[in-house]
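Structural description and commentary
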Amino acid sequence: MFITGIVLVAFNLRPAITSLGPLVGMIQEDVGLAHWSAGLLMSLPLIVFAIMSPLVPKIANRLTNEVTLIIGLTALFIGIIIRSIPMTFFLFTGTLLAGLGIAIGNVLLPAVVKDKFPQKFGLMTSVYSTSMGLIASLASGVSIPLAIDLNLGWQGAQTVWAIPAVVAILVWLFLHKNNKKDNKVRQQNQGAGTNRLWRNPLAWQIAIFMGFQSFLFYVTISWLPEILHSHGLSMEAAGWLLSFTQLMGLPASFIIPVLAGRTQSQIWLAFTLGMCSIVGYSGLLLGTSYPILIVSIILIGLGLGGSFPLALTYIGLRARNANQAAALSGMTQSSGYLLAAVGPLFIGSLYDIAQLWTIPIITLIIVSAIVMIFGMLSGRNRFI
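Here the structure is a predicted model, which is why all the values come from computation and not from measurement.

Topic: the overall build of the protein
- On a plain count of helices and strands, the protein comes out with 18 helices and zero strands.
- For the protein, the C-alpha radius of gyration of 19 Å lies close to 21 Å, the compact-globule estimate for 384 residues.
- Oriented by its inertia axes, the alpha-carbon framework of the protein measures out at about 55 × 45 × 30 Å.
- The burial tally for the protein puts 61% of its 384 residues in the buried class.
- Taking the 19 positively charged and 9 negatively charged side chains of the protein as two groups, their mean positions are separated by 26 Å.

Quick notes on unusual backbone geometry
- A positive phi angle, close to 85°, is found at threonine 64, a residue other than glycine.
- Note that threonine 64 resides in the loop between α5 (56-63) and α6 (65-82).
- Relative accessible area serves as the criterion here: at 7%, threonine 64 is assigned to the buried category.

Notes on a nonpolar patch on the surface
- Where nonpolar side chains cluster on the molecular surface, the patch consists of Leu123, Phe254, Ile255, Leu259 and Trp268 and spans about 450 Å² of accessible area.
- With three residues, the top contributor of residues to the nonpolar patch is helix α14 (residues 235-262).
- For tryptophan 268, the position within the fold is in helix α15 (residues 267-286).
- What makes tryptophan 268 partly exposed here is its relative accessible area of 46%.

Concerning the side chain of serine 84
- Mapped onto the fold, serine 84 is located in the loop between α6 and α7 (88-116).
- Among the residues examined, serine 84 registers a relative accessible area of 17% and is labelled buried.
- Within the local environment of serine 84, its side chain forms a polar contact with the backbone oxygen of isoleucine 81, the two atoms lying 2.6 Å apart.
- When residues no more than four places from it in sequence are discounted, the contact partners of serine 84 are Trp154, Gln155 and Thr159.

Some thoughts on the packing of α15 against helix α16 (residues 290-317)
- Relative to each other, α15 and α16 sit at 145°, their axes nearing to 7 Å. Crossing handedness for the pair α15 and α16: left-handed. Each of Ala270, Leu273, Cys276, Ser277, Val279, Gly280, Tyr281, Gly283, Leu284 and Leu286 in α15 lies in contact with α16, whose residues at this interface are Ile292, Leu293, Ser296, Leu299, Ile300, Leu302, Gly303, Leu304, Gly306, Ser307, Leu310 and Tyr314.
- Of the residues assigned to the contact of α15 with α16, the class counts are 15 nonpolar, seven polar and no charged.

Let's talk about the packing of aromatic side chains
- Scanning the entire structure with this criterion turns up seven aromatic pairs.
- With 5.9 Å between their ring centres and 75° between their planes, phenylalanine 2 and tryptophan 172 make a pair best called edge-to-face. Placement of the pair is phenylalanine 2 in helix α1 (residues 2-11) and tryptophan 172 in helix α10 (residues 163-177), with a sequence separation of 170 residues.
- Residue phenylalanine 2 is classed as buried on the basis of its relative accessible area, which comes to 16%.
- For tryptophan 172, a relative accessible area of 0% corresponds to the buried category.
- Above the face of the phenylalanine 308 ring, arginine 14 is positioned so that its terminal group lies 4.8 Å from the ring centre.
- For lysine 116, the ring lying beneath its charged end belongs to phenylalanine 2, and the centroid distance is 4.5 Å.

Focus on α16
- With 28 residues, α16 should cover 40 Å at 1.5 Å per step; its first-to-last C-alpha distance of 40 Å lies within 8% of that length.
- Counting buried residues along α16, 20 of its 28 residues qualify, which places the element largely inside the surrounding structure.

Regarding α14
- The end-to-end C-alpha separation of α14 is 41 Å, in line with the 40 Å expected for 28 residues at 1.5 Å each.
- The backbone nitrogen of alanine 237 has a side-chain oxygen 3.1 Å away, supplied by the residue at the start of α14, namely serine 234.

Re the packing of α14 against α16
- It is the contact of α14 with α16, at a shortest axis distance of 6 Å, that shows an interaxial angle of 40°. Our pair here, α14 against α16, has a crossing hand that is right-handed.
- Its residues placed into classes, the contact of α14 with α16 shows 16 nonpolar, eight polar and no charged.

Concerning the environment of serine 230
- Secondary-structure assignment places serine 230 in helix α13 (residues 201-230).
- Note: C-alpha distance between serine 230 and leucine 138 (92 residues apart in sequence) is 23 Å.

Topic: the side chain of threonine 245
- Mapped onto the elements of the fold, threonine 245 is located in helix α14.
- You can call threonine 245 buried: its relative accessible area is 3%.
- Side-chain polar atoms of threonine 245 contact the backbone oxygen of leucine 241, separated by 2.7 Å.
- Contacts of threonine 245, omitting those with residues within four sequence positions, involve Leu224, Ile297, Ile300 and Gly301.

A short note on the confidence of the model for the protein
- For the protein, per-residue confidence averages 84 on the pLDDT scale, and residues scoring 70 or more make up 95% of the total.
- This stretch, residues 187-192, has a pLDDT under 50; its non-local contacts, to residues over four places away or in other chains, come to 12 contacts.

A short note on the environment of alanine 270
- Tracing the backbone through its elements, the reader meets alanine 270 in helix α15.
- By relative accessible area, which is 4% here, alanine 270 ends up buried.
- Once the C-alpha coordinates of alanine 270 and alanine 237 are considered, the two residues, 33 residues apart in sequence, prove to be 31 Å apart.
- Once residues lying within four places of it in the same chain are set aside, the contact partners of alanine 270 are Leu310, Tyr314, Met372, Gly375 and Met376.

Definitions and cut-offs
Residues numbered from 1 in each chain as written. Predicted model: local features only at pLDDT ≥ 70, side-chain atom pairs only at ≥ 80, totals over all residues. Heavy atoms only, no water. Helix = DSSP H or I, 4+ residues; strand = E, 2+ residues; numbered from the N terminus. Rg over C-alpha atoms; globule rule 2.2 N^0.38 Å. Buried < 20%, exposed > 50% of the residue type's maximum accessible area, 1.4 Å probe, protein only. Lys, Arg positive; Asp, Glu negative; His and termini not counted. Charge placed at Lys NZ, Arg CZ, Asp CG, Glu CD. Patch = residues over 30% accessible without salt bridge, like charges linked within 9 Å, V, L, I, M, F, W, Y side chains within 5 Å. Areas by Shrake-Rupley, 256 points an atom, 1.4 Å probe, with all protein chains shown as cover. Salt bridge = Lys/Arg side-chain N within 4 Å of Asp/Glu carboxyl O. Polar contact = N/O pair within 3.5 Å; in protein donor to acceptor, adjacent residues only side chain to side chain. Contact = heavy atoms within 4.5 Å. Axes fitted to C-alpha atoms, helices over the stretch in contact; angles between N-to-C directions. Left-handed = near helix turned anticlockwise from the far one by under 90°. Nonpolar A, V, L, I, M, F, W, Y, C, P; charged D, E, K, R; others polar. Phe/Tyr/Trp six-rings, centres within 6.5 Å; stacked < 30°, edge-to-face > 60°. Lys NZ or Arg CZ within 6 Å of the ring centre and 35° of its normal. Expected span 1.5 Å × (residues − 1). pLDDT = per-residue confidence, 0-100.

In structure tokens, the structure reads:
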């Protein structure tokens with residue numbers, strides 16, 4: 001049941017965001033958002049992640065992981081419903097609430113896995129990160145068909161993703177009811193040593209790796225359809241290619257944490273994933289033919305698909321216990337997502353200024369190199 005609960009939480013950590021990218025053009029037209037406003041909309045959940053992440057372990061220490069996850073899933077459900085109202089206020093308010101719910105799940109999942117499956121952390125990270133990637137790619141791919149082919153509009157295409165939240169809430173209510181005694185013991189001293197993390201170089205290296213790989217992911221989710229559309233593809237085809245990008249990352253999402261858990265150093269993994277991203281985004285600069293775009297998308301998918309679970313695996317591998325994992329998760333995701341929040345807004349603003357995707361894509365290539373460097377630094381065999 002805990003494995004089921006973990007997978008269900010993972011199912012809810014991406015669709016509210018990844019389903020938005022293909023629909024952003026429809027939302028802009030309907031609500032009247034400029035590119036920078038649309039970028040802000042995509043960045044808003046990341047800003048919430050940055051603010052909430054260091055607070056989540058403290059909240060979980062008081063309420064238990066189960067109760068905190070239930071609160072997060074409930075906030076996500078309400079947020080998805082609210083932002084289906086075609087008004088700027090509700091659009092941003094709902095996105096903020098959804099971001100709050102996702103932030104709680106982001107931080108607590110590594111801690112729950114470290115606590116329940118300490119000897120199988122790499123494998124379980126593979127399971128839930130792959131689940132996350134699978135549903136994220138599905139959300140990107142079906143957004144336009146749901147909105148247009150089924151006549152649900154962008155509002156209905158968003159509301160669909162409230163269903164997995166309801167299912168997850170029911171499962172975690174059951175788990176909470178049957179796990180109260182164990183929770184009381186496990187939650188002791190949850191926040192111990194958190195302040196020291198903010199002065200730890202390795203913790204910062206993981207945070208920067210987490211932040212810049214998230215920068216790449218959320219920029220890609222937000223703007224890849226528009227970049228592909230600029231190369232002559234229809235928006236529906238661009239939406240499915242965004243889905244394909246994430247599907248290509250699923251093998252890496254599953255294999256990378258398993259490999260990382262079996263080796264003492266993960267430097268070579270970070271280097272390989274970094275090169276995939278660098279070459280992939282470089283291919284988008286050419287974009288002269290459909291085959292080049294497909295190869296680029298595959299490489300980008302592999303790079304992004306492997307980097308995020310590698311960052312999650314670092315949290316477990318570099319921490320000595322579940323309490324430390326929760327604190328490290330909160331710290332790295334707070335500072336990391338603050339950096340990532342700049343991404344969609346910054347890239348959208350660059351496009352507004354240049355009216356071309358060349359400069360934004362060059363920026364993504366530079367960021368890919370930074371991800372590779374800090375991934376290799378984080379991959380050294382050390383504890384925080």
